[in-house]
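Summary of the model geometry
Here is how the chains run, residue by residue.
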Amino acid sequence: MTNSRKIRHSSIGLWVSPLMLGAAIWLVAGTDACHSEDSSNADIAPGWHWNPVPESWISIDLNNVWKFKHMGNDSWQAVDSLDDPGMKEKYFMPSFNDADWRDTPVPWTWNMVYGKSDERLDLYGVGWYRKRFVLEEVDAAKNHVLIEFKGIVGTPALWVNGNTVDIADEQAFSEFDKGRKESAQGGMLRQYVDITAQARKVENLIALRVFVQSKGVSRAKAAGLVNGVFVRVTPPTYFEYALVNPRKTDVEVELHLGGTYGNQLDGEAEVLDADTLLPVGSTLVKGELRKELPLLFTVPVGKYSEWSPDAPKLYILSLVDLAGKELVRERFGFRVMELKDGNLF
């Protein structure tokens, strides 16, 4: 699939002392949905907030009401043949009238009544989502238009303005098993999908078909768009995911390029206090931007506060080029954990 990109916005960083038993473990606090991005939808998902993105990006928040239709459990097949009524009636076309579809909040599982965790449904097979968004004028030669899906449970098929768009149907790679591919059934996809060629000025339509094969879905019967969705307009150079690994005296960074290959990057990386935005460490970054190789660097840090449940202190990794354009903004935390008597504290 050429257009889809698997990502991890919040990664786990681990430092283990050579003396494993009783040793301190430094662990980054995962932050995929814990602090606010510029926009949130209290009426749909109160308290649901998102990771920040680089200041050079434009974001359109799609975490609100979508149109949704489940095709019934009789739409289930052992192998999806893509022949449900939605395909025949072309639910993916902008001209299709979805007025009689029900409104559904995103993110949410289609197998649970919204806001009522004890009212669980037993739906599988095919579900369809539709969502319209407005895109201001974008120069395709200077920008990428991406859809960020933070979590899909099921096998997705995607259309934008009636045009098929490649989307990955394998489970996302994790930091520790990048070489392994698994079926998406019961898994969660996190990815960027490049829709630059399909997007247009003013109104656009996203149609997403999700097939859930498992009849006994685990994890609270998760199905469909269970995590956030955003449209991201990025500059030509952007990184599709970042791995941030905080250690005792520095922060290791691994960046994977999404767009613009063969250019040289000169810039500065800083670790900032997320509350005061004051730096606790910085380093100059210089390297060639290549699709096949990650950009690696280390930021030394001085005094910092550790993350705890009572004081969840967070920091920001920011990478800015010499022109002052921010290319990376990732939030993380330092946390000490210990192994005592075989238990992790």
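The structure displayed is predicted, hence computed values, not measured ones.

**Quick notes on the sheet that holds strand 16 (residues 250-259)**
Either a parallel or an antiparallel arrangement is found when strands of a sheet pair, and the pairing is made through backbone hydrogen bonds. Pairing is antiparallel across the open sheet formed by 3 strands, whose spatial order is 15-16-19. In the strand order of this sheet, the two ends are held by strand 15 (238-246) and strand 19 (295-300), each with one partner. Direction aside, neighbouring strands of the sheet carry axes that sit 20° apart on average. Here strand 15 runs beside strand 16; their pairing, made up of 8 bridges, is antiparallel. Counted as the bridge partner of proline 246 is valine 251 from strand 16.

**Observations regarding unusual backbone geometry**
Cis geometry marks the peptide bond from valine 106 to proline 107, where omega comes out at 10°. In this structure, valine 202 takes a positive phi of about 65° despite not being glycine. With respect to the helices and strands, valine 202 occurs in strand 12 (residues 202-212). Even without being glycine, leucine 277 reaches a positive phi, approximately 65°. Within the secondary structure layout, leucine 277 lies in the loop between strand 17 (264-273) and strand 18 (279-288). Accessibility expressed as a relative area gives 47% for leucine 277, which makes it partly exposed.

**What to know about the nonpolar core**
Within the largest apolar cluster, 30 residues are counted, with the highest numbers of intra-cluster contacts made by Tyr129, Phe149, Leu158, Ile195, Leu208 and Leu225. Those elements giving two or more residues to this core turn out to be strand 5 (65-70), strand 7 (125-135), strand 8 (144-153), strand 9 (155-160), strand 12 and strand 14 (229-234). Ignoring sequence-local partners within four residues, the contact set of leucine 208 consists of Gly127, Trp128, Tyr129, Phe149, Ile152, Pro156, Ala157, Leu158, Ile167 and Leu225. With 25 residues, the next largest nonpolar core counts Leu257, Val285, Phe297 and Tyr304 among its residues.

**What about the sheet that holds strand 21 (residues 326-332)?**
Read across the open sheet, the 4 strands follow the order 18-17-20-21; overall the sheet is antiparallel. Both edges of this open sheet fall to strand 18 and strand 21, since each of them pairs with a single strand only. When the angles between neighbouring strand axes are averaged without regard to direction, this sheet yields 15°. Note that strand 20 (residues 315-321) and strand 21 share 6 bridges and pair antiparallel. By the bridge assignment for strand 21, leucine 317 is matched with glutamate 330.

**Focus: the pattern of salt bridges**
In the structure shown here, the tally under the stated rule is 15 salt bridges. We note a salt bridge from arginine 329 to glutamate 55, for which the minimum N-O separation is 3.6 Å. Taken together, the residues arginine 329 in strand 21 and glutamate 55 in the loop between strand 3 (24-27) and strand 4 (58-61) connect sequence positions 274 residues apart. With relative accessibility at 14%, the residue arginine 329 sits in the buried group. The shortest N-O distance in the salt bridge between aspartate 80 and arginine 209 comes to 2.6 Å. In this pair, aspartate 80 sits in the loop between strand 5 and helix 1 (85-88) while arginine 209 sits in strand 12, placing the two residues 129 residues apart along the sequence. Overall, arginine 209 belongs to the buried group, its relative accessible area being 2%.

**Brief notes about the packing of aromatic side chains**
For the coordinates displayed, the defined rule picks out 14 aromatic pairs. With centroids separated by 4.8 Å and ring planes inclined at 50°, the aromatic side chains of phenylalanine 68 and tyrosine 129 adopt a geometry described as tilted. Remark: tyrosine 129 occurs in strand 7 and phenylalanine 68 occurs in strand 5; sequence separation between them is 61 residues. The interplanar angle of 25° and the centroid separation of 5.3 Å between the aromatic rings of tryptophan 128 and tryptophan 159 together place this pair among those described as stacked. Of this pair, tryptophan 128 sits in strand 7 while tryptophan 159 sits in strand 9; the two residues are 31 residues apart in sequence, bridging distant segments of the chain. One exposure class covers both tryptophan 128 and tryptophan 159, and it is buried. These aromatic residues form a ring-pair network of at least three members: Tyr91, Phe92, Phe96, Trp101, Trp128 and Trp159. Arginine 232 extends its terminal NZ or CZ atom over the ring of phenylalanine 230, reaching a point 4.1 Å from the ring centre. Over the aromatic face of tyrosine 315 sits the side chain of lysine 313, whose NZ or CZ is 5.9 Å from the ring centroid.

Conventions we followed
Note that residues are indexed from 1 along each chain, following the sequence as it is written. Local features in this predicted model are restricted to residues whose pLDDT is 70 or higher, and side-chain atom pairs enter the listing and the counts only when it is 80 or higher, whereas totals over whole chains, interfaces and linings include all residues. To get the side-chain values, take all heavy atoms of the structure and skip hydrogens and water. Pairing between strands is defined by DSSP: at least two bridges between the two strands are required. Only DSSP runs of H or I reaching four residues or more are called helices, and only runs of E reaching two or more are called strands; each is numbered from the N terminus. Between the N-to-C directions of two axes lies an angle of 0 to 180 degrees, each axis being a line fitted to C-alpha atoms and, for a helix, fitted only over the stretch in contact. A 1.4 Å probe rolled over the protein chains alone gives each residue an accessible area, and that area as a share of the maximum for its type sets the label: buried under 20%, exposed over 50%, partly exposed in between. We define a nonpolar core as any set of buried Ala, Val, Leu, Ile, Met, Phe, Trp, Tyr and Cys residues linked to one another through side-chain atoms lying within 4.5 Å. Residue contacts are defined here by distance: any two heavy atoms, one from each residue, within 4.5 Å place the two residues in contact. Here, a salt bridge means any Lys or Arg side-chain nitrogen found within 4 Å of an Asp or Glu carboxyl oxygen. Centre distance within 6.5 Å is the pairing criterion for rings of Phe, Tyr and Trp, where only the six-membered ring of Trp is used; planes under 30 degrees apart are then read as stacked, over 60 as edge-to-face, and the remainder as tilted. Throughout this description, the term charge over a ring refers to an Arg CZ or Lys NZ atom that lies within 6 Å of the ring centre and within 35 degrees of the ring normal.

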